[in-house]
Amino acid sequence: MFCNSLTAARMLDYHDAFSAYLPCRITLIEDKQGKLWLIALNMDLMIHGGEPLPPELKEEALQVKEMILDIMKRGAEGDF
């Protein structure tokens, strides 16, 4: 779980529906062909969809998204 707990609290204060995005997780799965995949929830609808987030909250959400994508990229490259 990689969410910033303060950002998560602010997201929930803003709208209860954002609880579906918490906690932020990255899952490693192996498909039927033996190929490994890193999977995480696409946060774009939370960040860019619906009613606009307040600017400070949007910036925090974008930082969480970038952190998760960076972890996944480094994991895919074997950079542990």
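This one's a predicted model, so the numbers in the text were calculated from it and none came from an experiment. (Residues numbered from 1 in each chain as written. Predicted model: local features only at pLDDT ≥ 70, side-chain atom pairs only at ≥ 80, totals over all residues. Heavy atoms only, no water.)

As paired strands, strand 1 (residues 27–30) and strand 2 (residues 36–39) are joined by 4 bridges and run antiparallel to one another. Each bridged residue has a counterpart across the sheet, and for Ile29 the counterpart in strand 2 is Trp37. Between the antiparallel neighbours strand 1 and strand 2 lie 5 residues, among them Gly34 with a positive phi of about 85°. (Pairing = 2+ DSSP bridges. Helix = DSSP H or I, 4+ residues; strand = E, 2+ residues; numbered from the N terminus.)

All right, on to the side chain of Glu60 then. Mapped onto the fold, Glu60 is located in helix 3 (residues 55–76). Contacts of Glu60, omitting those with residues within four sequence positions, involve Thr7 and Arg10. (Contact = heavy atoms within 4.5 Å.)

Moving on, we come to the pattern of salt bridges. Across all of its chains, the model carries 4 salt bridges by this definition. Salt-bridge contacts for Glu60 lead to Arg10; the nearest nitrogen and oxygen are separated by 2.7 Å. Taken together, the positions of Glu60 in helix 3 and Arg10 in helix 1 (residues 5–14) put the pair 50 residues apart, joining distant regions of the chain. The partner of Asp70 in a salt bridge is Arg74, and the shortest N-O contact between them spans 3.2 Å. Taken as a pair, Asp70 and Arg74 lie in helix 3 at a separation of 4 residues, close to a single helical turn. A relative accessible area of 34% means that Arg74 is categorised as partly exposed. (Salt bridge = Lys/Arg side-chain N within 4 Å of Asp/Glu carboxyl O. Buried < 20%, exposed > 50% of the residue type's maximum accessible area, 1.4 Å probe, protein only.)

Moving on: helix 1. An α-helical turn contains 3.6 residues, so any two residues separated by three or four positions project in the same direction. Within helix 1, burial applies to Thr7, Ala8 and Met11. Looking straight down helix 1, one finds that the buried residues subtend no more than 100° of arc, so they occupy a single side. Turned more than 90 degrees away from the buried face of helix 1, the exposed residues are Ser5, Leu6 and Asp13. (Arc of directions from axis to C-beta.)

The next subject is the packing of helix 1 against helix 3. For the pair helix 1 and helix 3, interaxial distance at closest approach is 10 Å and the crossing angle is 130°. With respect to helix 3, the axis of helix 1 lies oblique. As helix 1 packs across helix 3, the resulting crossing turns out to be left-handed. Each of Thr7, Arg10, Met11 and Tyr14 in helix 1 lies in contact with helix 3, whose residues at this interface are Leu57, Glu60, Ala61 and Val64. When its residues are assigned to classes, the contact of helix 1 with helix 3 shows 5 nonpolar, 1 polar and 2 charged. (Axes fitted to C-alpha atoms, helices over the stretch in contact; angles between N-to-C directions. Parallel < 35°, antiparallel > 145°, perpendicular 65-115°, else oblique. Left-handed = near helix turned anticlockwise from the far one by under 90°. Nonpolar A, V, L, I, M, F, W, Y, C, P; charged D, E, K, R; others polar.)

Let us look at the confidence of the model for the protein. Here the protein averages 85 in pLDDT, and 95% of its residues register 70 or above. For the protein, per-element mean pLDDT is lowest for helix 1, which scores 83, and highest for helix 3, which scores 91. (pLDDT = per-residue confidence, 0-100.)

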